[in-house]
Amino acid sequence: MKFLDFLKQNIVYLDGGMGTLLQARGLMAGEQPERWNLSHPDVIVDIQRQYYDAGSHVVCSNTFGANALKFADSELEAIIGAALANAREAQKQSMLAQEKFVALDIGPLGKLLKPYGDLDFEDAVAIFAKTVRLGVKYNADLIVIETMNDSYETKAALLAAKENSNLPVIVTNAYGEDGKLMTGATPAAMVAMLEGMGADAIGANCSLGPRQLRGVAEELLRCASVPVVLKPNAGLPKSVNGKTVFDIDAAEFADEVASLIRQGVRVAGGCCGTTPAYIRALTEATKTETPQALCDKGLTVVSSYTHAVNFGQDPILIGERINPTGKKRFKQALVENDLDYILTEGVNQEEAGVHVLDVNVGLPEIDEKQMLTRTVDALQAVIDLPLQIDTADVGAMEAALRRYNGKAMVNSVNGKQQSMDTVFPLVKKYGGVVVALTLDENGIPATAEDRVTIAEKILRTAAAYGIQKKDLIFDTLAMTVSADASAAGVTLEAMRRIRRELGCHTSLGISNVSFGLPRREIINSTFFAMALENGLSGAIMNPYSADMMKTYYAYRALRGLDENCAEYMTAAETFAQSAGTATSASVAIPSAEECKSELQRAIIKGFRERAGEITAELLKNTPPLEIVNGEIIPALNTVGIGFEKKTVYLPQLLMSAEAAKCAFEHIKTYLSANGTAAAGKGTFVIATVHGDIHDIGKNIVKLLLENYGFDVVDLGKDVPPKNIVDTVCKLHAPLVGLSALMTTTVPAMEETIKLLRQEAPWCKIVVGGAVLTQEYAERIGADAYAKDAMETVRYAERIMGV
């Protein structure tokens with residue numbers, strides 16, 4: 001039986017942890033578990049056979065870290081070939097009679113992708129593609145992409161799987177205690193992106209136990225139309241007699257996971273700390289359960305790298321200002337490649353309250369494909385709103401969709417067959433909600449009836465490409481009433497019918513209706529209100545228009561969408577305060593950063609080049625130390641506090657740190673030219689421990705510590721204990737930070753700590769990583785546990801008394 005056929009009718013049981021079992025069989029600290037496929041195949045086969053015998057339908061190959069960053073091509077192929085052969089042998093040896101499948105297991109690369117790290121998206125796709133092609137060559141039944149804590153890397157892995165195989169793909173992410181990925185994505189955001197790209201099952205694994213992942217699983221079940229997967233750890237880790245153990249036994253684990261299966265989880269297994277006994281307990285606890293029927297949630301949803309935006313009763317505002325049409329200064333910015341101007345426009349619209357940003361950079365005199373891709377990348381580095389990719393150039397559209405981190409809006413397709421045949425394949429491949437214009441080869445129909453007919457044709461054609469109506473939003477085309485008095489009525493009638501009769505969402509470019517008329521904002525805002533009453537889901541509009549925003553807030557209050565009219569009252573007060581200082585057409589709600597200086601705002605928003613330019617200008621008249629203490633550090637603290645309060649996400653923190661770093665570089669250059677050296681707060685040695693190649697967390701900590709004035713000595717990844725200790729002793733460093741992502745490398749961390757205690761007793765040790773907890777850190781002898789980079793900074797400042 002094919003895996004997808006089996007998945008449709010059954011609860012599917014996966015296997016459990018591999019790393020902790022290999023440690024129990026003798027895997028040494030720092031040793032690569034993937035090499036055991038070649039050196040200890042009998043051990044691998046035995047462990048996997050036990051999982052099959054415990055009731056697993058799917059066993060993952062021992063290839064979690066098998067990628068081209070870690071192994072040369074020849075060794076990589078030998079490892080993956082042996083790993084899949086071992087799993088097949090285990091399948092053959094198992095005496096249990098259930099359906100059995102072998103999955104190619106793919107884990108994270110251990111690097112952040114640009115712009116937050118140094119690995120380009122396409123390079124990540126290429127690395128994953130090598131592993132996928134080998135999995136296909138050696139006959140995997142399906143692919144499991146797991147333990148991903150970054151949405152962008154997840155997209156790279158899934159894209160590689162889809163482009164290089166026809167195998168079913170399960171994707172699971174590692175969520176933190178806040179219910180989000182390390183880079184900020186919610187489960188709803190991940191469902192939007194992954195379903196859009198065609199993942200066959202979506203879920204969560206690792207990081208936490210089943211009790212802590214319950215909220216994540218329930219959100220996945222609310223959002224996902226495909227099977228939901230859950231592979232929790234056996235609770236939280238701790239160290240006992242030098243070994244990693246977990247705090248939930250098999251019976252408790254089975255009870256917790258079984259309750260979520262009864263709520264609708266369709267694919268279940270275990271991660272760190274789970275053994276065949278856990279899987280056996282789970283299959284026993286659910287042997288009488290029947291799978292909950294899948295249902296299409298019917299959600300029209302777009303997403304950014306942090307959150308999803310649903311089109312429903314609450315109107316969605318789509319900011320129109322990143323568009324050269326009628327904007328001389330914006331055209332100039334495009335021609336001059338002035339990205340800072342474009343980014344500022346995006347940030348300003350975000351602060352004005354839009355939910356989605358339209359992005360159109362089409363000018364005949366520029367390379368639109370290159371500019372659109374650069375603009376999308378740059379905008380996603382400084383704001384977290386979903387974007388609407390707005391272009392008639394199909395090549396530019398594909399390039400932008402490919403690199404977009406999330407599920408984008410796509411503007412647009414229309415009823416022309418050529419348009420549908422070029423746009424729909426891109427939406428099917430990359431995911432997206434596509435705006436469908438109700439025009440065809442004969443132009444824009446004069447009647448509502450004909451526009452609805454075109455909408456029906458678009459729906460039929462989309463379905464033939466595998467695109468559901470929930471991923472279509474119809475634009476019934478606002479035409480100028482100065483040229484045709486009936487134009488608005490036709491547009492609104494077509495909209496009302498599409499919403500009510502076809503059950504589809506709608507959007508409009510509101511301002512088109514008033515071309516050629518004076519005081520356009522009066523017409524626009526009134527038409528906006530009429531459109532909302534006739535079924536408008538999303539408005540492409542100017543968020544700086546006070547009249548438009550007044551209509552929006554008033555409509556929500558009148559429709560019962562604004563609890564206690566709280567947002568209306570806040571907005572009304574703002575409008576009243578600004579009424580005497582600006583025209584009604586240009587009032588915007590002020591941002592939280594308006595009271596900040598220009599440099600602080602640039603750092604907070606992550607404008608790297610702008611921060612450097614402002615600093616260079618300030619240095620002409622302001623002492624360097626005054627800039628550092630009065631501008632840079634306060635800005636970093638603003639972002640750091642937001643990160644600690646979960647109002648700022650990791651990408652925003654990193655971009656702010658990069659902007660601050662650029663400002664610091666100008667100050668260092670200035671001091672050097674004047675024969676002065678910047679005073680540091682102290683030396684901090686940092687390393688990822690032996691056997692672990694994942695250095696994302698370490699690199700984040702390094703960046704922030706440097707910005708806060710520490711002299712960081714980065715020893716890199718996979719660093720033997722003696723190298724760390726020798727460096728600490730040589731520098732007499734007061735602080736050392738150790739990072740580990742995998743349970744198999746925590747013993748190397750403990751070994752390093754023991755050696756540090758013997759050779760460098762003065763040194764304070766702070767540890768961090770996905771597999772660690774406060775209790776675990778204490779048990780292995782660390783002085784402190786930091787759950788994130790800001791906690792490391794705060795601890796270092798306390799120790800150094802700064």
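Residues numbered from 1 in each chain as written. Predicted model: local features only at pLDDT ≥ 70, side-chain atom pairs only at ≥ 80, totals over all residues. Heavy atoms only, no water.

Chemist: I'm lost on the overall build of the protein chain in this one. Help?
Modeler: From N to C terminus, the protein chain includes 30 helices and 25 strands. Its C-alpha atoms give the protein chain a radius of gyration of 28 Å, within 12% of the compact-globule value 28 Å for 802 residues. With the principal axes as the frame, the protein chain shows a C-alpha extent of 80 × 75 × 50 Å. For the protein chain, buried positions account for 61% of its 802 residues. Restricting the contact set of the protein chain to residue pairs at least 6 apart, pairs at least 24 apart contribute 76%. Accessible surface, the protein chain as shown: approximately 30,100 Å² in total, 51% of it carbon and sulfur. With 78 positive and 98 negative side-chain charges, the protein chain shows a separation of 2 Å between the mean positions of the two kinds. (Helix = DSSP H or I, 4+ residues; strand = E, 2+ residues; numbered from the N terminus. Rg over C-alpha atoms; globule rule 2.2 N^0.38 Å. Buried < 20%, exposed > 50% of the residue type's maximum accessible area, 1.4 Å probe, protein only. Contact = heavy atoms within 4.5 Å. Areas by Shrake-Rupley, 256 points an atom, 1.4 Å probe, with all protein chains shown as cover. Lys, Arg positive; Asp, Glu negative; His and termini not counted. Charge placed at Lys NZ, Arg CZ, Asp CG, Glu CD.)

Chemist: What should I look at first to understand the sheet that holds strand 15 (residues 387-390) in this one?
Modeler: Whether parallel or antiparallel, the strands of a sheet pair through hydrogen bonds between backbone atoms. Taken in spatial order, the eight strands line up as 13-14-15-16-17-18-19-20 and close into a barrel, and their pairing is parallel. This sheet shows a mean twist of 30° between the axes of neighbouring strands, independent of strand direction. With five bridges joining them, strand 16 (residues 409-414) and strand 17 (residues 433-437) adopt parallel strand pairing. Bridge pairing links Asn-411 to Val-435 in strand 17. (Pairing = 2+ DSSP bridges. Axes fitted to C-alpha atoms, helices over the stretch in contact; angles between N-to-C directions.)

Chemist: Sorry, what's going on with the nonpolar core here?
Modeler: A general tendency of soluble globular proteins is for nonpolar side chains to be buried together. Core analysis: the largest hydrophobic core is formed by 218 residues, its most contacted members being Ile-145 and Ile-632. Per element, the largest residue contribution to this core is 11 residues, and it comes from helix 25 (residues 650-673). If near-sequence neighbours (up to four positions away) are discounted, Ile-145 is found in contact with Ile-106, Ala-157, Leu-158, Ala-161, Val-169, Ile-170, Val-171 and Thr-172. By size, the runner-up hydrophobic cluster in this structure holds 27 residues, among which are Val-719, Ile-765, Val-767 and Val-771. (Core = buried A, V, L, I, M, F, W, Y, C linked by side-chain atoms within 4.5 Å.)

Chemist: Would you mind showing me how to read the packing of helix 16 (residues 417-430) against helix 17 (residues 448-464) here?
Modeler: Where helix 16 meets helix 17, the closest approach of the two axes is 11 Å, and the angle between their N-to-C directions is 40°. In terms of orientation, helix 16 lies oblique with respect to helix 17. Viewed along their axes, helix 16 and helix 17 form a crossing whose handedness is right-handed. Every residue of helix 17 that contacts helix 16 at Gln-417, Met-420 and Phe-424 is listed here: Lys-457, Ile-458, Thr-461 and Ala-462. (Parallel < 35°, antiparallel > 145°, perpendicular 65-115°, else oblique. Left-handed = near helix turned anticlockwise from the far one by under 90°.)

Chemist: Honestly, the sheet that holds strand 3 (residues 101-106) in this entry has me stumped. Any pointers?
Modeler: Taken in spatial order, the eight strands of this open sheet run 1-10-7-6-5-4-3-2, and their pairing is parallel. A single partner strand is all that each edge strand has here, and the edge strands are strand 1 (12-13) and strand 2 (58-60). The pairing of strand 5 (residues 169-173) with strand 6 (residues 201-205) spans four bridges and is parallel. Paired with Val-171 across the bridge in strand 6 is Ile-202.

Functional significance is not addressed by these values, which are geometric in nature.
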